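A look at the structure
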Amino acid sequence: MSAVQRPVLAASIAVFRAGKVLLIQRAKAPALGLYSLPGGRIEAGETLRDGVLRELQEELALEAELVGFVDHVEHIEADETGGIRAHAVIAAFCGHWRSGEPVPSDEVSDWLWVDPHAPGDLPMTRRLPEILARAAAMVAR
C-alpha cells in the first residue's frame with residue numbers, strides 16, 4: 001500500500017512585478033531544492049483564490065492581485081519501492097504584485113525575480129517554464 005492515499009489540493013501563483021516573475025526555492029519536501037511558484041495546500045472551507053493569496057502572505061509576506069487561472073499541474077513522486085511518496089494537484093494562478101518585499105520563511109530557501117520567458121537553468125518543478133509563459137501572456141493582456 002502506498003504512503004499517500006489521495007492527492008492533496010494546492011494552489012500556486014505567478015506574481016509579476018516590472019516584467020519579472022517571482023520564483024522561490026523550496027526548503028521542504030516535496031520539491032525540496034527546486035524552484036517553483038509560491039503556494040501551498042488549500043485548507044478545508046477555503047477557496048483556491050483565497051488559499052493562494054494566504055500562502056503567498058505566509059511564505060513571503062507579499063500581497064498580489066489575482067488576474068486569473070492559468071492551468072493545473074499534477075506533482076506525483078514515487079518512492080524507491082514504487083509506492084507514491086507525494087501526489088498534489090496544484091491550481092496555478094497569475095497576478096500582479098501589490099505590496100511587500102520577499103521575507104524568508106521555513107518553506108523558502110531562496111527567491112528570484114526572473115524573466116518569465118527565460119528563467120535560466122535553475123532546477124525547476126515540472127512544467128514551470130510552460131506555466132510561466134502562459135501566465136506572462138495572461139498578465140500582458
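A short tour of the structure in this document, coming up. (Residues numbered from 1 in each chain as written. Predicted model: local features only at pLDDT ≥ 70, side-chain atom pairs only at ≥ 80, totals over all residues. Heavy atoms only, no water.)

**Some points on unusual backbone geometry**
Phi is positive for alanine 61, which is not a glycine, with a value near 60°. Summarising the element assignment, alanine 61 is placed in the loop between helix 1 (48-60) and strand 5 (63-78). A residue is classified by how much of its surface remains accessible, and alanine 61, at 32% relative accessible area, is partly exposed. A positive phi angle is found at arginine 127, which is not glycine, with a value near 70°. Following the sequence through the fold, arginine 127 ends up in the loop between strand 7 (108-114) and helix 2 (128-140). (Helix = DSSP H or I, 4+ residues; strand = E, 2+ residues; numbered from the N terminus. Buried < 20%, exposed > 50% of the residue type's maximum accessible area, 1.4 Å probe, protein only.)

**Remarks on the environment of tryptophan 97**
With respect to the helices and strands, tryptophan 97 occurs in strand 6 (residues 84-99). On the basis of relative accessible area, tryptophan 97 is assigned to the partly exposed category, the value being 26%. For the pair formed by tryptophan 97 and tyrosine 35, sequence separation is 62 residues and the distance between their alpha carbons is 19 Å. Dropping the residues within four chain positions of it, tryptophan 97 is found in contact with Val15, Phe16, Arg17, Leu62, Glu63, Ala64 and Trp113. For tryptophan 97, the side chain forms a polar contact with the main-chain oxygen of serine 99, separated by 3.4 Å. One polar contact links the side chain of tryptophan 97 to the main-chain carbonyl oxygen of glycine 100, over a distance of 2.8 Å. (Contact = heavy atoms within 4.5 Å. Polar contact = N/O pair within 3.5 Å; in protein donor to acceptor, adjacent residues only side chain to side chain.)

**Describing the side chain of threonine 125**
Mapped onto the elements, threonine 125 comes out in the loop between strand 7 and helix 2. You can call threonine 125 buried: its relative accessible area is 17%. Setting aside residues up to four positions removed in sequence, threonine 125 forms contacts with Ala31, Leu34, Tyr35 and Ser36.

**Re helix 1**
With 13 residues, helix 1 extends 18 Å from end C-alpha to end C-alpha; this agrees with the ideal 18 Å at 1.5 Å per step. Taken together, the buried positions of helix 1 are Gly51, Val52, Arg54, Glu55, Leu56, Glu59 and Leu60. On the buried face of helix 1, the contacting elements are strand 1 (8-17), strand 2 (20-26), strand 4 (39-41), strand 5, strand 6 and strand 7. Backbone geometry just after helix 1 places alanine 61 at a positive phi near 60°. (Expected span 1.5 Å × (residues − 1).)

**Some details on the environment of arginine 26**
Tracing the chain through its elements places arginine 26 in strand 2. Here arginine 26 falls in the buried class, since its relative accessible area comes to 12%. Residues arginine 26 and leucine 48, spaced 22 residues apart in sequence, show a C-alpha to C-alpha distance of 20 Å. Those residues in contact with arginine 26 that sit more than four places away from it in its chain are Ala31, Leu32, Gly33, Leu34, Ser36, Leu37, Pro38, Gly39, Glu59, Glu107 and Ser109. At 2.9 Å, the side chain of arginine 26 and the side chain of glutamate 59 are in polar contact.

**Some points on the nonpolar core**
Nonpolar side chains in soluble globular proteins generally cluster together in the buried interior. Residues Ala14, Phe16, Leu23, Leu37, Val70 and Cys94 are the most contacted members of the largest nonpolar core, which totals 19 residues. Mapped onto this core, the elements with two or more residues apiece are strand 1, strand 2, strand 5, strand 6 and helix 2. No other element matches helix 2, which puts 7 residues into this core. Apart from the residues within four sequence positions on either side, cysteine 94 is in contact with Ile13, Ala14, Phe16, Glu65, Leu66, Val67, Gly68, Val70, Ala135, Met138 and Val139. Grouped together as the second largest cluster of nonpolar side chains are 15 residues, Ala11, Ile42, Val52 and Leu62 included. (Core = buried A, V, L, I, M, F, W, Y, C linked by side-chain atoms within 4.5 Å.)

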